[in-house]
Structures are given as structure tokens and as C-alpha cells.
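Remarks on the overall topology
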Amino acid sequence: GLSLSYNTPVHMSAALFQYMYDAQGGTYLDAYNNIPHVGHSHPAITEAAVKQLRKLNTNTRYLYNSYADYTENLLSLFPSNLNKAMLVNSGSEASDLATRMAKTVTGKQGMAVLKWSYHGNTQNGINISSYKFDRKGGKGAQDWILRLPLPKAYNGSHTTAEGYFTEAKKMIEDFESKGNQLAGFIAEPISGCGGQVPLMDGYLKLLVPYLKQKGILVIIDEVQTGFGRLGKWFWGFEMHDIVPDMVVLGKPIANGHPMGALVTTAAITDAFNNGMEFFSSFGGNPVSCEAAK
């Protein structure tokens, strides 16, 4: 029932740091895997996870130090207003939660996305992912989705950030003139599934203040770009000199251990607290938190 990634299937049996080993004893240099951040089977992370697994592995109905310790460490790397973290099991869950929060907080239903975006494998993730709904098997954008052009830094339809911004602004105004209301805008700092395409410098710096002025929440998906993967910028939104309302995290957060997070503001979490509680049984469990920490 599974598709194969290679014409000749690769049966892996072990891995260490940058190397992977197949069942026949072959050695591979792993330049493909985009999840283990500091290498496969890193001894420090393995030791931390195993130590916690032997001590306490439970769900999030109980108090334990790991959740608070990790989220305090995590939030210290963000601007001071991004001071709330909600832990889940994957980047897909985090983007799903971000969309749900945006709609709840604003009371609106529309979402603006970029062409060729990818934000997860949940039903909502597919709905906000042009990479899925615009390709084979997809049925196009839902009525509540506004698909904006991908503002390519190179070989795009415009040569300036102003050109892309002007087009996006017009599309948003046209969308709203038809009775649609946007709750949020979600984008990756670099379009991953879109081809590792850098966004035009200055585009988000023009677009974000415009969106915030209109009460449209800005969600930045750092699943592939976060945790120092861009070199001198620890987060991709820093590269664009903006501060979003929400940040979606996944993949490298725990070096391959299933984990994700949504980082946002106290004002948004307070407004989201409307009585329909959010609960994730294993999002932020002690073992995941120790691996992430």
C-alpha cells in the first residue's frame, strides 16, 4: 500500500550522524533527509530520550517539568511578544492549529496562501496547500482560499517587491469585494515544495503591515526553514525583517522525534480560549520534550 521513492527500493537498517546503512551492508551519505537536524542517532539526544523514557512517559494531562523547560528555552529565541507555545506532534498539526486559531480569533473564514505552498497532510493542510490542490488528484482551491502568486526572487512575473505587493493587494481587495473575509495569511520564508524558491526581498516587509492593518493574522511556516537552517538567521522570518502573529514549527524541532509547535502571542491565545478547549494527548509529552530540549 506504500509508494516507493526509488525504482530499486532502499531498505535501511541503521543510521549514524550523516551516514545511513542498508540491510545489505551498504553505506550512504545522507544529503536528502530534511528532518534530523544534527544527524541520525545523535548520542546526546538518544541518551536524553532514553533516560526520560525510563523515568516517565505520559500524556499531557499531568504536570511535569519537561514541557515548561523546553518551551521556556524555545521562546527565548523569539521576539518578546511571541511568548506562547503550544506543542503538538507534527508540523501538519501545528499549521492546522494555526488556521483554526486564526479563524476563531478573527471570526472570519478565508485564508490567503502562496502558489505552490505546502503546509501539511491534514484535510485543512491540503486545503491551504497549492502544491496539493493545484496538482494531480487535487480539485483546485476552495472558495475560502485566495491563492496569491509566488513572489519569486528570480525569474518571476515581477522584478521588484513593489510589483508583487501591488498585485497581491489588488487580489485581496477583489477577493473581499465579493463578500469574502480573510482570517489569515500563511507562507514559508522560502518556498520548499515550490522548489526551494527564495521570496523577493522586501515583499513580506510590504505585505505584512498591510495585512495587520486589515486585521488579517500573519502565519509563517518555519517547518523547513527554522532552527538555524538559513545560516545567520535562526528563523526565516528574520531574513524578511518581519514579526508574524504565529509561527509553525516541525521537522528539525526534535531531530526526527515526532514533535511540532505553534508559537504565538498571549492576546491570540487569550482570544482562542473560548471554552472549546484544545488538547493534544501526546503533543509535548516528556520524551518528546527532552529530545527537543
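Residues numbered from 1 in each chain as written. Predicted model: local features only at pLDDT ≥ 70, side-chain atom pairs only at ≥ 80, totals over all residues. Heavy atoms only, no water.

**Some words on the packing of aromatic side chains**
- Taken as a whole and assessed by the stated rule, the structure comprises eight aromatic pairs.
- Judged by centre distance (6.2 Å) and plane angle (25 degrees), the rings of F78 and F237 are stacked. One end of the pair, F78, is in the loop between helix 2 (65-75) and strand 4 (84-88); the other, F237, is in helix 8 (residues 236-239), and 159 residues separate them in sequence. Of the two residues, F78 and F237, both sit in the buried class.
- Both rings, one in Y118 and one in Y131, keep their centres 6.2 Å apart while their planes meet at 70 degrees; by these two values the pair is edge-to-face. Linking Y118 in the loop between strand 5 (110-114) and helix 4 (123-127) with Y131 in helix 5 (residues 130-133), this pair joins segments that are 13 residues apart in sequence.
- Under the relative-accessibility criterion, Y118 is labelled partly exposed at 24%.
- By way of ring pairs, the aromatic residues F78, F227, F234, W235 and F237 are connected into one cluster.
- Across from the ring centre of W116, 4.5 Å away, lies the NZ or CZ of K115, which sits over that ring. (Phe/Tyr/Trp six-rings, centres within 6.5 Å; stacked < 30°, edge-to-face > 60°. Helix = DSSP H or I, 4+ residues; strand = E, 2+ residues; numbered from the N terminus. Buried < 20%, exposed > 50% of the residue type's maximum accessible area, 1.4 Å probe, protein only. Lys NZ or Arg CZ within 6 Å of the ring centre and 35° of its normal.)

**What to know about the environment of G120**
- Of note, G120 is situated in the loop between strand 5 and helix 4.
- Expressed as a C-alpha distance, the spacing of G120 and A102, which sit 18 residues apart in the sequence, is 17 Å.
- Residues contacting G120, with those up to four places away along its chain left out, are S92, G125, I126 and S129. (Contact = heavy atoms within 4.5 Å.)

**With respect to the pattern of salt bridges**
- Under the counting rule described, the total for this entry stands at eight salt bridges.
- Residue K205 is joined to D241 by a salt bridge in which the shortest nitrogen-to-oxygen separation is 2.6 Å. A residue pair is termed long-range when its members are at least 10 positions apart, and K205 in helix 7 (residues 203-213) and D241 in the loop between helix 8 and strand 11 (246-249) qualify at 36 residues.
- Assessed through its relative accessible area of 45%, K205 is described here as partly exposed. (Salt bridge = Lys/Arg side-chain N within 4 Å of Asp/Glu carboxyl O.)

**Things to note about the packing of helix 6 (residues 161-177) against helix 7**
- Packing of helix 6 against helix 7 brings their axes to within 8 Å, and their N-to-C directions diverge by 30 degrees. Judged by the angle between their axes, helix 6 and helix 7 are roughly parallel. The hand of the helix 6/helix 7 crossing is right-handed. Residues A161, E162, Y164, F165, A168, K169, I172 and E173 of helix 6 form the contact with helix 7, whose participating residues are Y203, L206, L207, Y210 and L211.
- Classifying every residue of the contact of helix 6 with helix 7 gives ten nonpolar, no polar and three charged. (Axes fitted to C-alpha atoms, helices over the stretch in contact; angles between N-to-C directions. Parallel < 35°, antiparallel > 145°, perpendicular 65-115°, else oblique. Left-handed = near helix turned anticlockwise from the far one by under 90°. Nonpolar A, V, L, I, M, F, W, Y, C, P; charged D, E, K, R; others polar.)

**Side note on a nonpolar patch on the surface**
- Taken together, the side chains of Y6, V10, M12, Y28 and Y32 make up a nonpolar region of the molecular surface, amounting to roughly 510 Å² of accessible area.
- Along the polypeptide, Y28 turns up in strand 3 (residues 27-29). (Patch = residues over 30% accessible without salt bridge, like charges linked within 9 Å, V, L, I, M, F, W, Y side chains within 5 Å. Areas by Shrake-Rupley, 256 points an atom, 1.4 Å probe, with all protein chains shown as cover.)

**Remarks on the pairing of strand 2 (residues 19-22)**
- Burial along strand 2 is one-sided: the face carrying M20 and D22 is buried and the face carrying Y19 and Y21 is not.
- Bridge count for strand 1 (residues 12-16) against strand 2 is four bridges, and the pairing is antiparallel. Along strand 2, the bridge assignment pairs M12 with D22.
- As paired elements, strand 2 and strand 3 share three bridges and run antiparallel to each other. From the neighbouring strand, Y21 faces strand 3, where its bridge partner is T27.
- Hairpin connection of strand 2 to strand 3: four residues between the antiparallel strands, including G25 at a positive phi of 95 degrees. (Pairing = 2+ DSSP bridges.)

**Some remarks on the sheet that holds strand 1**
- Pairing in this open sheet of three strands is antiparallel, and the strands run 1-2-3 from one edge to the other. In the strand order of this sheet, the two ends are held by strand 1 and strand 3, each with one partner. Looking at each pair of strands side by side, their axes are set apart by 25 degrees on average, direction ignored.

Any link to function would need more than the numbers given here.
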